[in-house]
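# Observations on the model geometry
Single-letter residue listing:
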Amino acid sequence: MEWKVLAVGDVVADCGVRMIARHLPRLRRKYGADFTVVNGENAAVLGITREQAETILDAGADVITMGNHTFGRREICDYLDDCPRILRPHNLAPQLPGRGWAVFDSPAGEVAVIDLIGRCNMDYSPDNPFLQVDKILAQLSTPRILVEIHAEATSEKLAMGHMLDGRVSAVWGTHTHVPTADDQILPKGTGYVTDLGMTGPKNSILGIRPDLSVARFRGDLAGRYQPAPGPGKLEGVLFTLDAAGRCLKTERVTVYD
């Protein structure tokens, strides 16, 4: 029996939330996705609101993952504790609200989702994700394990993929908002991609108005970052797994308004 997982890249601003609401139900039907994970940490540009999270879940996301902007909207803190379907990076400080991994029901049986954050060039000083994920895996019995690493450095994401090759079903990266062309099956059967990409304003720099980003790089007096107007896009990867949780196929998924 084949089992399909759709992983969708960082949702940015209201445009990204609209793209999820408009296209995710159709994509689930088109690809026969049995389980869907959406990174939502930039839905409010910095963070996510409860209303946005509920819109993404209602559209068909089974799990929302977060990253370094998890607490950009402090009102989400109670929701992180109350809603088991939204995860923040596990290796952030343990006293912070929320959870970093969980086991969910799916048509193929139980599936574990683990959310991690990298340490290279990130604002936080998280615990070592490589050591933390080993501790989590020791507690799991399901063969279907999905790992997201929200990280800046491509080498850190690749290292996570190779360390977990043959031990989990899929590893994908988020955070840089640019899809990479390296979706693949690693030698021991784990699906992998360095970055899923972004769901949000198409004509933008990482979802932000290009003029504001260009001004900052020029050294001009740039205004506060604002989402770019115009049409949207949705980017992600579809992982096809076998009954034992091994990856059989990867396929990039892209939708433009």
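What this report covers is the structure whose coordinates are included nearby.

## Overview of helix α4 (residues 129–137)
Within α4 the residues assigned to the buried category are Pro129, Gln132, Val133, Ile136 and Leu137. The buried residues of α4 occupy one face: seen down the axis, they fall within an arc of 135 degrees. In α4, those exposed residues whose orientation departs by more than 90 degrees from the buried face are Leu131 and Lys135. If you follow the buried residues of α4, they end up packed against β6 (101–104), β7 (111–117), β8 (145–150) and α5 (154–164). Capping the start of α4, asparagine 128 holds a side-chain oxygen 2.9 Å from the backbone nitrogen of phenylalanine 130, two or three residues further along.

## Brief notes about the sheet that holds strand β11 (residues 191–193)
The 6 strands are arranged β6-β7-β8-β9-β11-β10 in an open sheet whose pairing can be described as mixed. A single partner strand is all that each edge strand has here, and the edge strands are β6 and β10 (184–185). Sheet topology places β10 next to β11; 2 bridges connect them, and they run antiparallel. Its bridge partner lying in β11, glutamine 184 is registered against tyrosine 192. α4 rests against β6, β7 and β8 of the sheet, and its axis sits at about 160 degrees to β7. α5 rests against β7, β8, β9 (170–174) and β11 of the sheet, and its axis sits at about 170 degrees to β9.

## A few points about the pattern of salt bridges
It is possible for side chains bearing opposite charge to pair when their charged atoms get close. In this structure the tally under the stated criterion is 10 salt bridges. Between arginine 50 and glutamate 54 there is a salt bridge; the shortest N-O distance is 3.1 Å. Within this pair, arginine 50 and its partner glutamate 54 are both found in helix α2 (residues 50–58), separated by 4 residues, close to a single helical turn. Using a relative accessible area of 44% as the deciding quantity, one classes arginine 50 as partly exposed. On the accessibility criterion, glutamate 54 (32% relative accessible area) is partly exposed. Across the pair aspartate 195 and lysine 157 runs a salt bridge whose closest N-O atoms are separated by 3.0 Å. Here the residue aspartate 195 occupies a position in the loop between β11 and β12 (198–201), and lysine 157 occupies one in helix α5, the gap between them amounting to 38 residues. The buried category is assigned to lysine 157, whose relative accessible area is 0%.

## Some thoughts on the side chain of glutamine 132
Inspection of the secondary structure puts glutamine 132 in helix α4. Given the relative accessible area of 12%, glutamine 132 is considered buried. In terms of polar contacts, glutamine 132 uses its side chain to reach the side chain of aspartate 127, at 2.9 Å. Ignoring anything within four residues of it in the chain, the contact list for glutamine 132 reads His90, Asn91 and Asp127.

Rules and cut-offs
Each chain has its residues counted from 1, running along the sequence as written. This being a predicted model, a pLDDT of at least 70 is required before a residue's local features are given, and a value of 80 or more before pairs of side-chain atoms are given or counted; all residues contribute to the totals for chains, interfaces and linings. The side-chain figures draw on all heavy atoms in the structure; neither hydrogens nor water molecules are used. Each residue is assigned to one of three classes by its accessible area relative to the maximum for its type, calculated with a 1.4 Å probe on protein chains only: buried under 20%, partly exposed between the two thresholds, exposed over 50%. For the purposes of this entry, the term helix denotes a DSSP run of H or I that reaches at least four residues, the term strand denotes a run of E that reaches at least two, and both are numbered from the N terminus. Directions are taken from the helix axis to each C-beta atom, and the arc is the one they span. The contact criterion used is simple: two residues touch if any of their non-hydrogen atoms lie within 4.5 Å. Polar contacts here mean pairs of N or O atoms no more than 3.5 Å apart (in protein, one a potential hydrogen donor and the other a potential acceptor; neighbouring residues in sequence count only if both atoms are side-chain atoms). Strands pair, by our definition, only if DSSP identifies at least two bridges between them. Where helices are involved, their axes are fitted lines through C-alpha atoms of the stretch in contact, as for all axes, and angles between N-to-C directions lie from 0 to 180°. Salt bridges are identified by distance alone: a Lys or Arg side-chain nitrogen within 4 Å of an Asp or Glu carboxyl oxygen.

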